[in-house]
Amino acid sequence: MGKAMWTAALAGSAAVALTGVAAVPAGAVEGGVSFSRVTVNGGKPIVVGVKDQVEVPATFRMTTKLKYDYGPMVYPFRGKADGGNMLYNAIETSDCKVVDKKKGICDFKEWLYIDPRHLDFGNEDAGTWGTAAQVFLAGDAYDTDDLRLPLQVKRATRVTVDASPEPVVAGRTITVTGRVTRANWDTHTYQGYANRTVSLQFKAAGSSSYKTVKKATSNSTGGLRTTVKATVPGTWRWTYYGNFTAGAKSSSGDYVAVR
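Treat the numbers as computed from the prediction; the structure is a model and nothing was measured. (Residues numbered from 1 in each chain as written. Predicted model: local features only at pLDDT ≥ 70, side-chain atom pairs only at ≥ 80, totals over all residues. Heavy atoms only, no water.)

### A short note on the overall build of the protein
- A count of helical and extended segments in the protein gives zero helices and 21 strands.
- Every one of the 259 residues in the protein was classed for burial, and the buried ones make up 47%.
- Counting contacts in the protein only where the partners sit at least 6 residues apart, residues at least 24 apart contribute 68% of the total.
- Of the accessible surface of the protein, which amounts to about 12,800 Å², a share of 50% is contributed by carbon and sulfur atoms. (Helix = DSSP H or I, 4+ residues; strand = E, 2+ residues; numbered from the N terminus. Buried < 20%, exposed > 50% of the residue type's maximum accessible area, 1.4 Å probe, protein only. Contact = heavy atoms within 4.5 Å. Areas by Shrake-Rupley, 256 points an atom, 1.4 Å probe, with all protein chains shown as cover.)

Printed below as a string of structure tokens:
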């Protein structure tokens, strides 16, 4: 399957710098194009760390009988769909999968890339974005639509765990510690996330699921600490369920044998 690809570094107005102000192409905004069946990242939040580029899958349908030079594409935006802030470094779009040639209906797959190391990317970019669709038509015209589809972009979190002592005598108390940190897109580091409510969860040996035992609040450096009685062997972990700007994350598990 073929793909069209363009990046924020392309000349002209094919794309814009990450979160930069969109350049307005020559020619007038045209009608005659509609977008439907749009999904971005499977409807889940887009969670971005501090180093690795994130690939965001999308699918959509475009209906038009107009000729177009390149595109189409869908992307996060703030402000105006035509002339606001866009959030992407590069976009790949598949060739048209024809649904109805006579009516000009095509289905597309897309891969949108966000690089947290981009100079224009920072903590202020966490939160809610809109979704725009755009296609560049023959003769330097273009069509841009606000799809009225909100997207959540979140800073990644990390959570660690340590349960001790291990092994432990049945009925004795164990101490479970850990730390929750959040991606800082301005410094490209993970920093302690204070005053977060984090769930301590336990999965008994032989069980397939975790259950919440109690909750704790992280201290000023993101540290977590609590005590529980160990009655049966099993695995302990911390789970942070995220918020408006921070992603959800569970720690790995720490198994404690009980004698």
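### Side note on the state of the cysteines
- Here the structure, examined in full by the defined rule, presents one disulfide.
- Each disulfide pairs two cysteine sulfurs, and for Cys-96 the partner residue is Cys-106, the sulfurs being separated by 2.0 Å. Looking down the S-S bond of the Cys-96 and Cys-106 bridge, the torsion is -75°, so its handedness is left-handed. One end of the pair, Cys-96, is in the loop between strand E7 (90–94) and strand E8 (97–100); the other, Cys-106, is in strand E9 (residues 105–114), with ten residues separating them in the sequence.
- Residue class for Cys-106 comes out buried when judged on its relative accessible area of 12%. (Disulfide = S-S within 2.5 Å.)

### Topic: unusual backbone geometry
- For the bond from Ser-164 to Pro-165, the omega torsion is 0°, close enough to zero to count as cis.
- Mapped onto the secondary structure, Pro-165 falls in the loop between strand E13 (157–164) and strand E14 (173–184).
- With omega at 0°, the peptide bond leading from Glu-166 into Pro-167 counts as cis.
- Relative to the elements of secondary structure, Pro-167 occurs in the loop between E13 and E14.
- In this structure, His-188 is a non-glycine residue whose phi angle is positive, near 60°.
- Considering the arrangement of structural elements, one finds His-188 in the loop between E14 and strand E15 (189–192).
- The class for His-188 is partly exposed, based on a relative accessible area of 30%.

### Quick look at the pattern of salt bridges
- Applying the stated criterion across every chain yields a total of three salt bridges.
- Where Arg-61 meets Asp-107, a salt bridge forms, and the shortest distance between an N and an O atom there is 2.7 Å. Taken together, the residues Arg-61 in strand E4 (residues 54–64) and Asp-107 in strand E9 connect sequence positions 46 residues apart.
- You can call Arg-61 buried: its relative accessible area is 13%.
- A salt bridge links Asp-146 to Arg-148, with the nearest nitrogen and oxygen atoms 3.5 Å apart.
- Judged by its relative accessible area of 33%, Asp-146 is partly exposed. (Salt bridge = Lys/Arg side-chain N within 4 Å of Asp/Glu carboxyl O.)

### Some words on the nonpolar core
- Among the nonpolar cores identified, the biggest contains 40 residues, and Val-40, Tyr-75 and Ile-114 are the most heavily contacted of them.
- The set of elements that each furnish at least two residues to this core consists of strand E2 (33–40), strand E3 (46–48), E4, strand E5 (68–78), E9, strand E10 (127–137) and strand E12 (151–155).
- The residues contacting Tyr-75, other than those within four sequence positions of it, are Ala-81, Met-86, Tyr-88, Ile-91, Leu-112, Gly-130, Thr-131, Ala-132, Gln-134 and Thr-144. (Core = buried A, V, L, I, M, F, W, Y, C linked by side-chain atoms within 4.5 Å.)

### Notes on the pairing of strand E11 (residues 142–146)
- Within E11, four of the five residues are buried, which leaves it mostly tucked inside the rest of the structure.
- In terms of strand pairing, E10 meets E11 through five bridges, oriented antiparallel. From the neighbouring strand, Ala-132 faces E11, where its bridge partner is Asp-146.
- The hairpin turn running from E10 into E11, its antiparallel successor, is four residues long, and Gly-139 in that turn takes a positive phi close to 80°. (Pairing = 2+ DSSP bridges.)

### Considerations on the environment of Ser-220
- As for its placement among the helices and strands, Ser-220 is situated in the loop between strand E17 (211–217) and strand E18 (223–229).
- With a relative accessible area of 63%, Ser-220 lands in the exposed category.
- Separated by 26 residues in sequence, Ser-220 and Ala-194 have C-alpha atoms that sit 4.7 Å apart.

Everything listed is a geometric property; what it means functionally is a separate question.
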